[in-house]
Each structure stands twice: as C-alpha cells, then as structure tokens.
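Okay, here's what each chain looks like letter by letter:
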Amino acid sequence: MMKPIATTAVIAVGYFLLGLLGLSLAIAPGYATIIWPASGLALVAAIFYPKPAVFGVFLGAFFVNITNDWLNTQTASWAVAVCIGLTVVLQSSVAAYLVKRYVGIPFLFHRTRLVWRFVVLAGFLSCLIGATLGTAVLLLFGLMAPEEALLSGLVWWGGDVIGVLVVVPWLAVIFPALFGQRFEHPWRLIGGFSLVLVVTVLLSWGSAYSEWNKQTKEFRSNAQLLEVLLNNRIKNSVDMLYSLVGLIKSSDHMRVKEFETFAQRVVQRDSSILSVSLNFAVAGDDLNAFERSAQLSYPEIPFRITESARDGEIVPVTPRPKHIVVTYIHPLETNKVALGYDLYSQPDRRFAVDQAIAFQQAYPTSPLSLLEDTKAVILFLPFFDDVQKETFLGVAIAVIEVETLTETIVEYGRLPNTELYLVDEDNASPDPIIVAKSKSASLSAVDLVQRYQQDDFQHAVSFDINVGAKAWRLYQVSDSRFFKQPWVVKFVLACGFLFTGAFGWFLLIVSGHTAEIESRVTLRTRDLLLANDELKASELEQSKAKEEAVRASHAKSAFLATMSHEIRTPLNGVIGCLALLMSTRLQPKQQELAKLSQQSAESLLDIINDILDLSKIEVGNFVLEKQAFSLPELVEEVTHIFVLKAEEKGIVLNSTLDAVPNVTLLGDRLRIKQILVNLLGNAVKFTQQGEVSLHLSLTQQKGQHVMLDVSVKDTGIGISKENQAHLFQRFNQADSSTTRRFGGTGLGLAISKEFIDAMNGHISLTSEHGVGSNFTCRIPLALVSNSEADRSKTSATKPQDKRHNERPVFNAKVLLVEDNLTNQIVARGLLKLFGIEVVVAENGQQAVEKADAQCFDLIFMDCQMPVMDGYEATRTLRQSGSGATPADVAIVALSANAMKGDKETCIAAGMDDHIAKPISQDKLEAVLTKWLP
C-alpha cells in the first residue's frame, strides 16, 4: 500500500520540479517555454507505473499551473489547473499505450527503426494532444486571444516534444533496469549528455545576452528619439509665444483685428494650441482706467475685469496691488467669458506666473482638466518694458492640449511591452503629476518615480523635456527583459535542446550496438588489421602527396624568382650594351637598327614581366598602374615591332597612324601595349598571305571617361567554332597542330584577357576557319586634359631629347658591387656617361673592405653574390662606423629579382633605394640625381 503512494509522490514531486525548471527557461514576452522536461518524466512514468502515474502526473501538473499563476498574476485559477492536469494525464497515457503497442518493452535501443518509431509516436504525435487541448482550455477561459492560439499551440507542442527527446535518454541511463538495458559505461554516457547540455546552455545564454544587449540599445535610442521630438514640439509652442511678444513690441497700439489675424495663424499651424491670449499687468488703482481703455477695443462686448471666487463663481474683481487681465484672446467667440479675467486671482495660475516672472522665461502650469475631460497646460511667457528692463508689462499665454501635443509621439513611438510617462515633478504640490502617458501605462506618478529610483524595472530610461524654465521628465520603462519577441534566442534554445536530445538518442543507439559489435570483434579482427594496414599506407601516401605538393609550391616560387634573376641578368647586358651603343656616333641606319633592337629587347622584358604578373594574378597580387600616355606614340611603337616580320612574310600590315586619335589617355600603358603586341603578333604569325590590319577608335563616355575600341583583323588560318571556346585558356591554342606548325606557348591571349578583365574591359572573337579572324576588345580609359598632357609629354620626352653634351655630369665616386662581368661592363659604361668614377667589387666581402679603405659617395649593391650577398654586406656597412665610407652612405639595390616583396626585403636590410635590372639611362639618371649632391 505504501509503495504505490510513495511512487505517486515521487512522480508528483518530480513533475513539479521539472515543471519549475521548464518555467525558468520561459522567455518573456509571452512566457512560452521552449522545453517542457516534465513531459518526458510523465511519459516514462505512464509506461512503467501506469496507475501511480495518473495521480502523480495530475498532481504535479496541477501544482505547477497554480504556482505559475500565482507568480505571474498573484491569483490562482483552480479550474484551469485541473483541466490542464487532465490533458497532461491523457497525453502521457496515450503515449504509453502507443509505445507498448508498437515499440515494445524492454526497449531495444540498438534497433534504429524502433527508436524512430518511439520518437514519432511518443514525441511528435502524442504531444499534439496536450498542446491542442491545453490551448483550447486557455481560449475557453479567456486567458488567450484567438489570434495567439496557433503560435502558442505550436510552442506548447514543441516544448513537450523537446522535453520527451531530452529527458527520456537521461532516465534510460539513470534507471537502466526499467528499460531492460545494461550499459557498459553509464558514467561516460552521463558525461556526454552533460557536456552537450552545458554547451547548449552556454550558447543559449550567450544568445540571450546578445539579444538583451541589442534590445537595451534600441530601448535607449527610442527614448532619445522621443525626447528630441517632444522637445522640438514644445519648443515650437514656446517660440510661438515669443513671436506673439514680438508682435506686441513692434506695434505701437495693438488692435483686436491685428491680434486675431496673428493668433488665427498660430492656432492653424499648431493643432495642440487651443487658445492664445495677451494679458496685461494692471495695478489696483488703474483698474477703472484700464477697463475704459480696453472697452474701446470691444465696442459690442462689455469689458469688465473679473476674478474667480472661492466657490469658482466669476465675480467683479477686488482691487489688489497686482492684476493680470486677459485683454486679447483667440478664439474670442468661445472664450468671451474669459475676456477681462484676472489670471492672478487663481493660486495655480499665480504660482506659474510668478515662476515665469522670476525666471523671465516661459513656464507652464500643471495639467488642468478642461471641458469634456480634456487635459491641458497653460504656458505663460512674461514680457517687459524695452527701456526699463525690470518693468513687468504682462504675459502671453498659450493653452496647449496635452493629448494632441504628445499623442503622436508617446503612442506611436512606443515600443511593444513598454510604458511611456511624461511627468511634472516640480510643481506646487508635493507629489509628481503625470502630464501624459501611453494607453497601456497603469502606474501612478509616485510609484513610477519610486520604482525608477530603486532600479525596479528590467529596462528604464528617463530624459528631461524642457518647457521654458521648467523641465518635465520623460520615462520609458518595461518590466519585460525582452520587450520584443527574441525569436533568435528561442530558435537557438530550440535547436540546442533538439540537438541535445538527438545526441542523447544517438549515444543510446551507439551503446545499444556495443554488445552486438563486441560479439563480432573476434571474427572481424583479421579484416580490421588488414584495413588498418591499408589505412596506414593510404595515410603515408597522402602525407607524401602533401609533402610533394608543398615542395612543388616552394619549387614554383623558387623557379619564378630564379628565372626572374637569371633572365634579367643577360637581358640587362643586352639592353645596357644597346644603350651604350646608341650613345656613340652611329649612322642613321645603324641608329634605327639599334633602336629597333632596343625596343624588341624591352618588349621581351615586358613579356617576362607579364609572365611574372600571371603568377601575381594567381595569388591575387596583380595591381594595375595608371599613367598618361600618347595613343599615337603607343601605336607607332607597337607596329614598328612587326613591320620587318610582316615584310619578310610578304603580307601587308595596315595601321594608318593618321586615323589614330591624337589624344593622351590615362591607363596602364605597359599592359595595353602587351595586349596589342599579343594580338598583332598572333595575327602576323598565323597569316601567310593577305594582310593584317590594326584599327583603333575612341567612344566618348560620361565626363572624361572614354572607351578604347581595338580591332585586329587578319586573313590567316582562322579558328573553328569548337576551338574558339577554349582559346582564351592558358597554354591553349586552336589545336595541337597549330603548336607544331607555328610554335608558341598559348599564354598570350590568356594574359591579354586577364589584363582586359582587370581593366573592366571585354575581349571577343569572330573567326571562320580558312578565312581569317577578327579580335576586338573594349578598354575603359580616361582622357587627360591638354595642360596635363603637355606636362606629361614634356616629362616623358625630356630625358629622350637630351643631347650627349646636355647629359648631367656628377663629380662623384661610386662603388659598384656586382659579380657578373657583363653587368659590370654595362653598369660601368652607363655610369661613366655621367662622368662618374667607378670602383668595382665582385662580392659583398670585397665591398666591405673597399668601403673601409676608400670614401664613396654612393654604392650600387647587387643582392645575390657569392662569398657574401648584398643583404649581409649592407647590414655590415651600416653597423661599421670606423671606415673611410660613412655608415649612412646611400646604398641602392641593383637587383635582377622582380617578384613581389623584393624591394621591401632590400629596404628592410638597410638599403635606401631599389632598381630592377635591366637598367636604363633614365632610371640611372633619376637615382643619381636623387642620391648624389
């Protein structure tokens, strides 16, 4: 007898405690809980203890609902608690029947199909009973709005489902005998459950904190916006009174018509102003005279000065030292009784007027009740004599309807689940007075201020609203931690607990499979060993493949750096020797051939640079350089490269220079030149007879922007349709026979397309096999103004136009550190053109020794040398202070490396400047001018 009672009590207490845990996870507004762990306990109890479970689950559910009602509303709805308790009992009983009927007991966790059946029947399907009936109970008792029923029902159902998924695995591990299971390592399972649960709780807490922080900022920002809007609205009303006072001072004698016209405009402009009036200060001895004077302005209305008696009746005024009489008022028809009224006779008006006079600013009364329950404040603005500043003349008054003044701002600017109050804390009474509040606001002014001072709200901010010399206080408060639905937090909670439940079931399934797996371990040992050996071999191969890939990547970088250095070194000799040759006296034909050779060598250098640029493009380090250049000069330079080649093949190269627009453009001249070289080179290469034509035109775009249209047309072999698709891919030509017949790497068009795409341009092709091809490209550029073009042209041509006897001469001694004999000859020859004494060192060690023995004005330092490289030599020279050459002598890197970061490496080693080989006279002259005195 005692055992069933004890079991019932344990179930009831357990359900109650887990119910409180579920309520603690509820998130306002709405208090919808994402997980209801008590549903899992109710299910397990109904399966294994069906009779005690009926009473235990009912009692637990009943007391949870009573407790929840009391905590939230301080009331207890017994009928609702009974009905919900019965729905919970019905749900758990149906779920237990379905599990016993279609899943079976003891439960076989290793059978995944049965696990899915349990989850669907006991979780998703059975939980619909409690959610549906529970929502119906709340609707029946009027505790839920109909429009909230669907969402609340879904949340209720989801909470019960998650509760079943999360709690049942815990109970299965804690009470394995009930489920007919034996787990080898139950504490490991509990540890796994706990870890996932802790992670879920931490993620949920972090999400909740982030959402709370965001809503806190939004809460304050909204209050600040309301403060600005209210202050501006009230300031407009105060400014109106100042304009009315200005009207008085600008008029020698105020007339009723003049006042009516002005006041009517004021009322029409500001809907919150019910009436305005001018009220003059009158001494007691001057009452009769003032009446007679004022009567002249109102010939049809008797003007009498009146006051308010103690019982509120309007009576003739009793002379006192000071009276403030309503002299002009608008609208007059509805306020005739107020004409001549002594405002100073009422204590509340007198207090506001005295404050306005004392501060000499506008000052409002406390909210007053007018006809038809309209609340308003009277705003007083005193005015004084212009000559005798302290002489009080009267007050301008505006009667402002509070509801109209604040309704739009207070009501429509309100956040959900928040309350707004506009409070007058400084008034004639000891307690604060509410001027205006939002419709849902229910606190008194005293309670509001007291709770705000005690920090008793979840969110609360306040700001001053200035009304002349007085300040009202705007309070924005909320009792909800989240005044908006924190859907993100709820989503994180739901997903986290769903994952926790799924992980728990996964661990149970894995543990259920353990016994079966262990029985087959012996039979599969040989297979596992073989698989393990294969896995090790595969891992070893993958490791080798990874190491080979890393080595290949390093080899590629080293290859590019080495090729850059090794190709530039002889190319430096070629270009340097040509430069030295051109500086001698040559015949015109020899001069032209030398110039063409130099241009071809420079084009080869450009190609090498573009191949390096292709590597930069692959790693995202490619950068376009913009400079001003002459389009005709560029076309002439490109066509000269292919004139001889075209003549040798007996084809015509058409490029009419007169048709090329004579303009100066801003763009990457080197890349555009390379594009033209690639297109013309291909056209000449693949044309055996006929002609190759180059046509350029400019299309004006917006502002200084133009579109350069380039067309290269040939009568060559043409390209078939199927081969055009991959023509712009790297290392691809039309077909393999093209490579064998004409040669080439297939990089030209790929690089050209990369350049054009980087310039936001477009390249296209129309071709017919056996007829010819037409490559067209469009490149957006910018026009350079005439003055800038002249300066650019002067700057560009000045070094080229110098005669031999105009070349600058430097009286200096330079140390040339270079291990390559060709480069020594070229550099020494170029330096001697400028009258410089040159001393050569073949490596860094010799450079250090010669710098110690002799004084040099400048050092040109190669980077890669035997014995001691240029970097180490530079660091040694910088640290030495006892040699003949000073430690701070200018050192310029003379490097054949052109990869990204080479210049930065030189500067980091202590060098002052950097020149990439091959060296031109222009580069050398610029460096000498920069570093030599």
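Computed from a prediction, not measured in an experiment: that's the story for all the values here. (Residues numbered from 1 in each chain as written. Predicted model: local features only at pLDDT ≥ 70, side-chain atom pairs only at ≥ 80, totals over all residues. Heavy atoms only, no water.)

**Q** So, the pairing of strand β4 (residues 323-330): which residues are in play, and what are the values?
**A** Among the eight residues of β4, eight are classified as buried, and the element is accordingly described as predominantly covered. In this sheet, β4 lies alongside strand β1 (residues 273-282) in antiparallel orientation, the contact comprising seven bridges. Within β4, the residue paired with N279 across the bridge is V326. (Buried < 20%, exposed > 50% of the residue type's maximum accessible area, 1.4 Å probe, protein only. Helix = DSSP H or I, 4+ residues; strand = E, 2+ residues; numbered from the N terminus. Pairing = 2+ DSSP bridges.)

**Q** Describe in detail a nonpolar patch on the surface, supporting the description with residues and values.
**A** Taken together, W116, V120 and F124 make up a surface patch of nonpolar side chains, about 310 Å² in accessible area. The topology assignment puts F124 in helix α5 (residues 112-125). For F124, a relative accessible area of 32% puts it in the partly exposed group. (Patch = residues over 30% accessible without salt bridge, like charges linked within 9 Å, V, L, I, M, F, W, Y side chains within 5 Å. Areas by Shrake-Rupley, 256 points an atom, 1.4 Å probe, with all protein chains shown as cover. Salt bridge = Lys/Arg side-chain N within 4 Å of Asp/Glu carboxyl O.)

**Q** Explain the sheet that holds strand β12 (residues 470-478) to me, and be specific about the residues and the numbers.
**A** Spatial ordering of the open sheet is given by β10-β9-β12-β11, a layout of four strands whose pairing is antiparallel. Whereas interior strands pair on both sides, the edge strands pair on one side only; in this sheet they are β10 (433-437) and β11 (459-467). Along the sheet, successive strands turn relative to each other by an average axial angle of 25°, direction set aside. Of the strand pairs in this sheet, strand β9 (residues 419-424) and β10 are connected by four bridges, and their pairing is antiparallel. Of the residues in β10, the one forming a bridge with L422 is A436. (Axes fitted to C-alpha atoms, helices over the stretch in contact; angles between N-to-C directions.)

**Q** Explain empty space enclosed by the protein to me, and be specific about the residues and the numbers.
**A** Per the counting criterion, the structure on display carries four cavities of 30 Å³ or more. In this structure, the largest cavity encloses a volume near 70 Å³. Together, S39, A42, L43, V88, Q91, S92, A95, A122, S126, C127 and V164 line the largest cavity. When contributions to the lining of the largest cavity are tallied by element, the ones reaching two or more residues are α2 (38-48) and α4 (78-102). A total of four residues in the lining of the largest cavity trace back to one element, the largest contributor, which is α4. (1 Å grid on protein atoms, 1.4 Å probe; cavity = no way out; pocket = protein on both sides within 12 Å on 5 of 7 lines; lining within 4 Å. Points joined across faces, edges and corners; volume = space filled by probe spheres on them.)

**Q** Can you explain helix α12 (residues 347-359)? Please cite residues and give values.
**A** Between its first and last C-alpha, α12 extends 18 Å over 13 residues, near the 18 Å set by a 1.5 Å rise per residue. Those residues of α12 that fall on the buried side of the exposure criterion are R349, A352, V353, A356 and I357. Each buried residue of α12 lies within a common arc of 135° when the element is viewed along its axis, so the set occupies one face. Turned more than 90 degrees away from the buried face of α12, the exposed residues are P347 and A358. If you follow the buried residues of α12, they end up packed against β4, β5 (363-364), β6 (368-369), β7 (375-384) and β8 (392-401). Positive backbone phi, approximately 55°, marks Q360, located one or two places after α12. (Expected span 1.5 Å × (residues − 1). Arc of directions from axis to C-beta. Contact = heavy atoms within 4.5 Å.)

**Q** Which residues make up the sheet that holds strand β22 (residues 858-861), and what values do they have?
**A** Across the sheet, which stays open at both edges, the five strands sit in the order β21-β20-β22-β23-β24 with parallel pairing between neighbours. At either end of the open sheet lies a strand with only one pairing partner, and these are β21 (837-841) and β24 (913-916). Each adjacent strand pair in this sheet contributes to an overall mean axis angle of 20°, direction not counted. When strand β20 (residues 813-817) meets β22, the two strands line up parallel, connected through four bridges. The residue bridging L815 from the neighbouring strand is I859, located in β22. Strand contacts of helix α28 (residues 921-931): β22, β23 (890-895) and β24, with the helix running at about 170° to β24, the strand carrying the most contacts.

**Q** Describe the nonpolar core, and please don't skip the residues or the numbers.
**A** By size, the foremost hydrophobic cluster in this structure holds 69 residues, and its most contacted members are L278 and F380. Looking at which element gives the most residues to this core, the answer is helix α9 (residues 186-250), with ten residues. Those residues within four positions of L278 in sequence are excluded, and the remaining contacts are L244, I248, M254, F259, V325, V326, T327, Y328, F383, V395 and A396. By size, the runner-up hydrophobic cluster in this structure holds 52 residues, among which are A42, I47, L508 and I509. (Core = buried A, V, L, I, M, F, W, Y, C linked by side-chain atoms within 4.5 Å.)

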